[in-house]
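Architecture at a glance
Each chain is listed here by its residues.
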Amino acid sequence: MGNLDTNSLFLLTAIIAPLLAGVVLLLGARFSPTTMRAIAVFGFAWPLIIGLLLYSRFDPSLIGAYNFELCLPTGLESIGIYLHLGLNGISMPLFLLAGTVGLAAGLYAMYSKAERPHLYLALLLFMLGGLMGTFASIDVFFFYFFHEFALIPTFLMIGMWGGVGRRGAAIEMTIYLTLGALLSLLGLIALYVQSGADSFSLIELRNYLSAQPLSDTVQNNIFALLLFGFGILVSLFPFHSWAPKGYAVAPTGAAMLHAGVLKKFGLYGLLQIAAPLLPAGADHWFPWIVWLALGNIIFIGLVTLAQKDLKMMLGYSSVMHMGYAFLGLACFSVIGAGGALLLMVAHGLSVALLFMLSTCIYHRSQTFDLSEMGGLATKAPVLAAFFVAGSMASIGLPGFGNFWGEFTIFAALAETELTRWIVVPAATGIIISAIYGLRAVANIFFGQPKAAFVERLQSDQITDLQAFEKLSAGILIAALVLTGIFPRVFSDDANRELLELYPQQQSHLPVIHSAVLSTDVDTHKELTH
Amino acid sequence: MNKLLIEFLSGYTATNQWAAILPEIMMGVLALCLLAAEMVLPKNRQAWVPRLAIWGQVLILMIAFGFVGRCSIGEFQYFSGLITQTDVTQIMRGFFLVSSIAVCYLGHIYLSKQTLPQTEFYALVLIISAGMMLLVQSTHFVMLFVALETVTVAFYVLVAYSRTSQFSLEAGLKYLILGALSSGILLFGIVLLYGIAGNPELLGASRDSLNYGELMNFVILNMNNMIVKIGALLVIAGVCFKIGAVPFQIWVPDVYQGAPTPVTAYLAVASKAAGFIVLIELVRGPFFGLQDFLVPVLSVIAAATILFGNIAAVAQRNVKRLMGLSGIAHAGYLLLGVIAVMRGVDWAVYAVIFYLVTYLLASFAVFGVMSIAAGEEDANQELDHYESFARKRPFLGGVLACGLGSLAGIPPLGGFIGKLFLFVAAFQAELYGLLIIAIVGVVISIYYYFGWIRECYFSSSSTAVVKDISCGATSSDRFLLGALTVASIVIGILPAALPIIR
């Protein structure tokens, strides 16, 4: 299975380098700031460098298989677990997303004045290493393992460097997420035991289950475990309450990596593992997904409207946008799943950007209360421009990746009579997000500031973005624009892969993907036009 | 000449069965040597006693490792079937030796803070270890009972060892009364089985009816006999007392709190492990025929144990009681493995052992930190004492966090892999209901384990804390605790490092 070529070793180093840098930082409390930064830069930049390198070497002709496969035994062979790494068209974009957001968060964290910086950077590096591992894993056990591994630093970072109310928020978030993670672990073990594949490798599971699909009842039960397990992790309504609170108190680096990347774990699991392997289960739970996703969009959308605190608003808005991704998944078609994937990447970039900029705003205004700010654009025009760009992306304006994600999801919903009506409430959500997004921009940067804020505004304390802030925001915006203008960087490869896993047209009947290939190739829809 | 000697010795050992229990004999001899050493050594040389105890055991471990090295050997019976050695018992002998060494070291830390006689402590620990090593090998109820009583009686003394502390005395009394009660229950069960299995009117009656093998045949032939069922139930109840399973867990919080911390660690790890191995040997051996009867009973016990342990631990502020109650929850998870064994998932035995090893590493790390952090009154160790602990003592804080994380079952620590094996085994045994309960239990346990970590790391006030070096760790403390922590991490990342499950 495992051919040790250079590329797969590179893939392995993308996981090991941040971990190693983290360990070195952890042990070296007495390093000079320069040494510390040099080590940290290496750890944060290496995964993205490797990601881009591997992207350039990605072989799209390997459909249904993985590029850069690597398979190492770690001592769990008796239950069919290997450290099995590789990338395919679906995991490649997320792998790059993790690298990009990781670099941006790392750069920002290095220059923010955290107490005990070596510990802070080490934990952030551990988190990044776990994230890279999550999306590079073919083995579903290690997929889970790396996710949990990335979760623990989040807990510690929130507890040690978080804002007001961090002690409670850290515990609540950890308990909630552990519940979700354990439910999905049960689902994965169930998949392993029931499939008879005697292996946790996704490739093996796929081969076994396409040859011998599980009975409908078993599929329904396992899918329920995975749906609600992963759902909790993605803050599916009504399991979302940990997210806004957690993000509101989390230190910036942790919030960026968690909201931007780690949260996508659950969706990725549903997209890559649960739905393709358990089509009947996905079909059975289809109405649930739709209604809960609409809960995310409408209900949480309205809650977001009512927020006065900038960070809470961002937290709720990130929960809200997950609803669209769930809708895309619920379509169970190539175009719906592809839309969900594009939205995951774009949302990850935009939410990380907004969380970062909100901290920048806080440093200048000393408040998160939207009603107290105003007129900041005169003092910090670059910050204003970046924030406007981030908000526009989040709303889903053309030119940013989010637009293509939401657009394709709507297109997928409109495909059949059964789901066409969903477009209406879903589009209402876009209006809601436009209202709160634009209102926040107006409140912070334009308009008349309150009397107390005017004083602050006139003092010299408020400056525009500093170089490191511009750099990390610039990375994220560049990636957002790239996916917005030319989404084919990801979508072609993803499309090829998804065609193997999903039916082209959504049809809420249990279709096993072998049946898909018989449909007419001419009606093949590209994800993007 | 040399060759002749070796031939003579190997010929001698081939016929001499005492060689089979050489490690246990050496442990006993070492215990006696310690007592003698106390009298021989001058007053200012008494510090040699713990060194002798620890290094002596390391030596025994190295010699015994030759035995453990013969893993996968199959079964050997000695002394007319009184004891049987298998790969499981060989691993467990190593397990008890390692935990005994760790307890001696913790005892050394503990005793240095107290004005108590010290030699007896080590001697008793050694005796208990030898008893446990024999206990897991015994395949005869007489042997089982004798070994068990050796262990229990020595524990009565150790629990009440701190004779100036009222907590310790209270714990000793409670352990004595309830321990004696459980021994009585166990013995009553054994007697019932002996009587019924020796009844010549029944099919398969045996003259050696306390032998596991003989009893197994008898029970299979008479699985619906009421007295057999009652006898088996009483024996299981006696063992459940040792592992602290509901409803025999009443003694755990008080005894764990009152006993000196090293003894608590010993009870929590080794005593529990011995109980589980005995339980597995019973359900695979003499009670093999009673599966249909025992599986539901043990399932109910497991579910109640997991829920009780976790829920009761949530409200605890005393860390020793917390460890005791969470230990009850761990017993519940382990029972999942035992039930899986009964349902025919044979490798679940190794899953249980793997879990026990990860539990040993994590527990001793946590108890080690507790021993060092404890003040003079050992029973009063509250969660509040750990506020900003990691700031004051970063190393101990890190060890504690890793140990608690492993107990909670968080990757990449050993405890997670242990839980994974147990859960996979339980899935293969189709114990879906119990699995859901176990998941609920694990989620609850996050609250109190992470609550403790939170206490250590997340100081509520942002004022800088001065490093308190007054009772920090010595370099040998650091070595032991560091080794336990590194082992936990290595096993979590590379379970191949612990070649139990192949």
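Bear in mind the structure is a predicted one, so any value in this text is a computation, not a measurement. (Residues numbered from 1 in each chain as written. Chains lettered and ligands numbered in written order. Predicted model: local features only at pLDDT ≥ 70, side-chain atom pairs only at ≥ 80, totals over all residues. Heavy atoms only, no water.)

**Observations regarding the pairing of strand β1 (residues 67-73) of chain A**
Residue and element names in this part refer to chain A. Quick note on the threshold: Residue burial is assigned from relative accessible area. The probe radius is 1.4 Å, only protein chains are included, and a residue is buried under 20% of its type maximum, exposed over 50%, and partly exposed in between. Only DSSP runs of H or I with at least four residues qualify as helices, and only runs of E with at least two residues qualify as strands; both kinds are numbered from the N terminus onward. Two strands qualify as a pair provided DSSP detects at least 2 bridges between them.
Within β1, 5 of the 7 residues are buried, which leaves the element mostly enclosed by the surrounding structure. Bridge count between β1 and strand β2 (residues 82-87): 5 bridges; the pairing is antiparallel. Looking across to β2, one finds that P73 is bridged to Y82.

**Notes on the interface of chain A and chain B**
What counts here: Residues count as neighbours in contact if any of their non-hydrogen atoms are within 4.5 Å of one another. Summed over both partners, the accessible surface that disappears when two parts come together, traced with a 1.4 Å probe, is what is meant by buried area. Throughout this description, the term salt bridge denotes a Lys or Arg side-chain nitrogen within 4 Å of a carboxyl oxygen of Asp or Glu. Polar contact criterion, stated in full: a pair of N or O atoms within 3.5 Å, where within protein one must be able to donate a hydrogen and the other to accept it, and residues adjacent in sequence count only if both atoms are side-chain atoms.
Contact residues are listed per partner, giving 35 residues for chain A and 37 residues for chain B. With both sides pooled, the region where chain A packs onto chain B buries about 3,400 Å², and carbon together with sulfur makes up 78% of that total. On the surface where chain A and chain B come into contact, there are 1 salt bridge. One salt bridge connects R167(A) with E455(B), and the closest N-O pair in it is separated by 3.7 Å. Linking chain A to chain B there are 4 residue pairs in polar contact (both at pLDDT 80 or more). Listed by contribution, the elements that provide at least two residues to the side of chain A that touches chain B are α5 (140-161) and α6 (166-195) of chain A. The element best represented in the side of chain A that touches chain B is α6(A), accounting for 17 residues.

**What to know about the confidence of the model for chain A**
Condition: Across the chain, each position has a pLDDT score giving the predictor's confidence in that residue, from 0 to 100.
Scored by pLDDT, chain A has a mean of 85; 94% of the residues are at 70 or more. Segment residues 509-529 of chain A: pLDDT under 50, and 39 contacts once partners within four positions in sequence are set aside and those in other chains are kept.

**Notes on the side chain of T84(B)**
All names here are of chain B. As for its placement among the helices and strands, T84 is situated in strand β2 (residues 83-85). According to the relative accessible area criterion, T84 is buried, its value standing at 6%. At 2.8 Å, the side chain of T84 forms a polar contact with the side chain of T139. In contact with T84, other than residues within four places in its own chain, are E75, F76, Q77, T89, Q137 and T139.

**Digging into the UniProt feature "domain: NADH:quinone oxidoreductase/Mrp antiporter transmembrane" (unreviewed entry) in chain A**
As a reminder, the rule being used: UniProt positions are given in the numbering used here, feature names are shortened, and annotations may be inferred rather than shown by experiment.
Following the UniProt record, the feature "domain: NADH:quinone oxidoreductase/Mrp antiporter transmembrane" (unreviewed entry) maps to residues 138-424 of chain A here. Note that residues 138-424 of chain A is 79% helix and 0% strand, and that its end C-alpha atoms are spaced 38 Å apart.

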